Amino acid sequence: MDRQRGINSPNPLKVIIIGAGNVAWHLAGAIKEPYGRVEAVFSRNRTHASQVALRSATGVPVTDIASLPRDGHVYLIAVPDDAIASVAARMPQVRGVVAHTSGTLPIDALKNVVCGGYGSFYPLQTFTAGKETDMRAVPFFIESSNSLASETLDTLARTISDHVYPADSRIRAQIHLAAVFASNFSNGLWGVASDILSQSGLSLNVLAPLLHETLDKAIAIGPDAAQTGPAKRGDTQTIQKHLDRLETPELKELYSNLTNLIIKRQCQK
């Protein structure tokens with residue numbers, strides 16, 4: 001097998017994408033011949049299915065899950081976590097491998113699907129439909145029920161990304177939790193910062209150099225070593241001034257909790 005591209009056959013892997021959200025949109029654009037080929041995209045909403053199918057240039061939109069092609073190599077369920085079980089229950093019998101893209105659900109959520117094997121195909125990235133992402137840089141975490149599923153999902157992942165790793169359900173759950181803190185919560189705080197700046201007629205752009213440097217340092221030397229600011233310095237006067245400027249009890253509490261978190265982490269080092 002060519003491990004760089006993950007291909008052991010001259011024929012492309014036939015992929016069926018189930019779902020038409022952000023993850024599906026990016027996967028459809030990343031699976032390309034000669035290594036992979038999107039055969040169909042399922043969504044009950046034909047417009048949504050068509051939009052994702054167009055990303056692939058080969059896939060056809062399908063609105064009836066019972067009408068999915070039965071000869072696919074991989075069926076990727078890219079829907080919200082709370083919908084995976086219901087989608088899996090309606091899957092027709094297929095010969096290929098069925099996998100969900102969830103970071104939190106165990107692969108046993110698919111154990112009742114009649115197929116050649118099942119697993120998880122988890123891309124670790126924040127996705128927004130319409131905004132391109134370098135998929136070759138996105139880490140993929142794979143878990144499989146059998147050797148066929150393992151080889152097939154690994155092969156497909158390597159046609160998309162240069163970073164493919166095995167990860168069982170426990171590890172994926174830990175990764176997903178860390179990602180929520182690092183990405184979702186940080187993005188929420190950027191929203192707060194943007195609101196504060198807007199009160200002076202400024203945009204988040206003024207913080208761009210600071211945000212890039214903060215991330216670069218955290219990765220290079222570790223978050224604790226990279227920590228700066230009034231909590232790190234024990235600057236109680238500045239901390240109180242900041243609290244006085246915040247207008248809502250919720251933001252005051254958030255500021256205090258984050259300040260105390262930083263102080264506690266620094267004391268432990």
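All values derive from a computational prediction rather than experimental measurement.

Engineer: What exactly am I supposed to notice about the nonpolar core here?
Structural biologist: Soluble, globular proteins show a tendency: their nonpolar side chains are buried together. Counting residues in each nonpolar core, the largest one holds 30 residues, and the members touching the most others are L76, F121, L156 and I160. Elements represented by at least two residues in this core include exactly strand 1 (13-18), helix 1 (22-30), strand 2 (36-42), helix 2 (46-56), strand 4 (74-77), strand 5 (97-100), strand 7 (140-144) and helix 4 (147-160). Discounting residues that sit within four places of it in the chain, I160 has contacts with L27, A30, I31, F121, M135, R136 and F140. A40, F42, V62 and V87 belong to the second-largest nonpolar core, a separate cluster that totals 20 residues.

Engineer: How should the environment of V62 be read in this particular structure?
Structural biologist: By the secondary structure assignment, V62 is in strand 3 (residues 60-62). Residue V62 is classed as buried on the basis of its relative accessible area of 9%. In sequence terms V62 and S144 are 82 residues apart; their C-alpha atoms lie 26 Å from each other. Those residues within four positions of V62 in sequence are excluded, and the remaining contacts are A40, V41, F42, S43, A49, S67 and L68.

Engineer: Quick question: what am I supposed to make of the pairing of strand 2 here?
Structural biologist: In the case of a regular strand, side chains alternate between the two sheet surfaces. By the criterion of burial, strand 2 is predominantly enclosed, with 5 of the 7 residues buried. Where strand 1 meets strand 2, 6 bridges bridge the pair, whose relative direction is parallel. The residue bridging V15 from the neighbouring strand is V38, located in strand 2. Crossover handedness for the path strand 1 to helix 1 to strand 2: right-handed. Pairing analysis gives 3 bridges linking strand 2 to strand 3, with the strands arranged parallel. Across the sheet, A40 pairs through a bridge with V60, a residue of strand 3. Remark: the strand 2/helix 2/strand 3 crossover connection has right-handed handedness.

Engineer: Help me out: how do you make sense of the confidence of the model for the protein in this one?
Structural biologist: The predicted coordinates ought not to be read in detail in places where the model reports low pLDDT. Overall, the predicted model of the protein reaches an average pLDDT of 94, with 96% of residues at or above 70. In the predicted structure, residues 1-8 sits below a pLDDT of 50 and forms 22 contacts with residues beyond four places in sequence or in another chain.

Engineer: Quick question: what am I supposed to make of helix 5 (residues 169-198) here?
Structural biologist: Each turn of an α-helix holds 3.6 residues, which means side chains three or four residues apart point in the same direction. Over its 30 residues, helix 5 runs 42 Å from end to end, which matches the ideal 44 Å to within 8%, given 1.5 Å per residue. In helix 5, a bend of some 35° at V180 exceeds every other bend along the element. Among the residues of helix 5, S169, R172, I175, V180 and L197 are the ones counted as buried. Check the buried side of helix 5 and you find it contacts strand 5, strand 6 (117-123) and strand 7. Residue D168 occupies the N-cap position of helix 5, its side-chain oxygen lying 3.2 Å from the main-chain nitrogen of R170.

Engineer: Explanation requested: the sheet that holds strand 8 (residues 164-166) in the structure shown.
Structural biologist: The strand order across the open sheet formed by 8 strands is 3-2-1-4-5-6-7-8, and the pairing between neighbours is mixed. A strand with exactly one partner marks an edge of an open sheet, and here the two such strands are strand 3 and strand 8. Neighbour-to-neighbour, the strand axes of the sheet open up by a mean angle of 25°, direction not taken into account. Relative to strand 5, strand 4 is paired through 4 bridges, and the arrangement is parallel. Looking at the pairing, V74 lines up with V97 of strand 5.

Cut-offs used in this document
- Residues numbered from 1 in each chain as written.
- Predicted model: local features only at pLDDT ≥ 70, side-chain atom pairs only at ≥ 80, totals over all residues.
- Heavy atoms only, no water.
- Core = buried A, V, L, I, M, F, W, Y, C linked by side-chain atoms within 4.5 Å.
- Buried < 20%, exposed > 50% of the residue type's maximum accessible area, 1.4 Å probe, protein only.
- Helix = DSSP H or I, 4+ residues; strand = E, 2+ residues; numbered from the N terminus.
- Contact = heavy atoms within 4.5 Å.
- Pairing = 2+ DSSP bridges.
- Right-handed = clockwise from strand over helix to strand, strands pointing away.
- pLDDT = per-residue confidence, 0-100.
- Expected span 1.5 Å × (residues − 1).
- Bend = angle between axes of the 7 residues up to and from the residue.
- Polar contact = N/O pair within 3.5 Å; in protein donor to acceptor, adjacent residues only side chain to side chain.
- Axes fitted to C-alpha atoms, helices over the stretch in contact; angles between N-to-C directions.

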